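# Chains, contacts and geometry: an overview
Take a look at the letters that make up each chain.
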Amino acid sequence: MTSQTNPVDHELIEAAAHVARTRCRGDNHTMAAAARARDGRIVTAVNAYHFTGGPCAELVVVGAAAAQGVYELETIVAVGDRERGVVPPCGRCRQVLLDYFPGLEVIVGEGDRVRAVPVTDLLPETYVWADHQLDAG
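Within each chain, residues carry numbers counting from 1 in the order of the written sequence. Per-residue local features are limited, in this predicted model, to residues with pLDDT of at least 70; the limit for side-chain atom pairs, both in listing and counting, is 80 or more; totals at the level of whole chains, interfaces and linings are taken over all residues. Working from all heavy atoms in the structure, the side-chain values ignore hydrogens and water.

What counts, and what does not: UniProt positions are given in the numbering used here, feature names are shortened, and annotations may be inferred rather than shown by experiment.
For the protein, the name recorded in an unreviewed UniProt entry is Cytidine deaminase, with Streptomyces coelicolor as its organism. According to its UniProt record, the protein has this under Sequence similarities (unreviewed entry): "Belongs to the cytidine and deoxycytidylate deaminase family."

## Here we look at unusual backbone geometry
For the record, the criterion: The helix count covers DSSP runs of H or I at least four residues long, the strand count covers runs of E at least two residues long, and both are numbered beginning at the N terminus. Each residue is assigned to one of three classes by its accessible area relative to the maximum for its type, calculated with a 1.4 Å probe on protein chains only: buried under 20%, partly exposed between the two thresholds, exposed over 50%.
One non-glycine residue, Arg 82, lies in the positive phi region at around 55°. Mapping Arg 82 onto the fold places it in the loop between strand 3 (73-80) and strand 4 (85-86). The exposed category is assigned to Arg 82, whose relative accessible area is 63%. With phi around 60°, Glu 83 is a residue other than glycine that occupies positive phi space. Looking at where Glu 83 falls in the secondary structure, it is placed in the loop between strand 3 and strand 4.

## Section: the pairing of strand 6 (residues 115-118)
Heads up, the condition is: Two strands pair under a simple rule: DSSP has to find at least two bridges between them.
The sheet contact formed by strand 5 (residues 105-108) and strand 6 spans four bridges and is antiparallel. Paired with Val 106 across the bridge in strand 6 is Val 117. Between strand 5 and the antiparallel strand that follows it, strand 6, lie six residues; Gly 109 among them carries a positive phi value of about 100°.

Here it is in structure tokens:
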């Protein structure tokens, strides 16, 4: 674990917080995520909660980004509804984010301890899916 922190993208946090305040309603949508693309665009999304395990906001934002032609994300943050603030990604999201964007920065922490860390710091002793794929040909 490198414990490296980078400047925090407060605009990204506010984008996710705005979506959490204005779009999360009831039990189906309780988290919002915002991601900054390499070209500076911000993509937002909300989770789709379902008792069968619907996708987290971070995974929905990955799909929303791809739908908009964005395939290179630099930073991501999730914010909870009801003014819960920044919420760290779950284990599944950490693994998916690492596999899709190994250089991604993830905003974590709360209050004045919010910081941006490499996704690799969130997964010590990481399993990298791409390292275990058979060659296609």
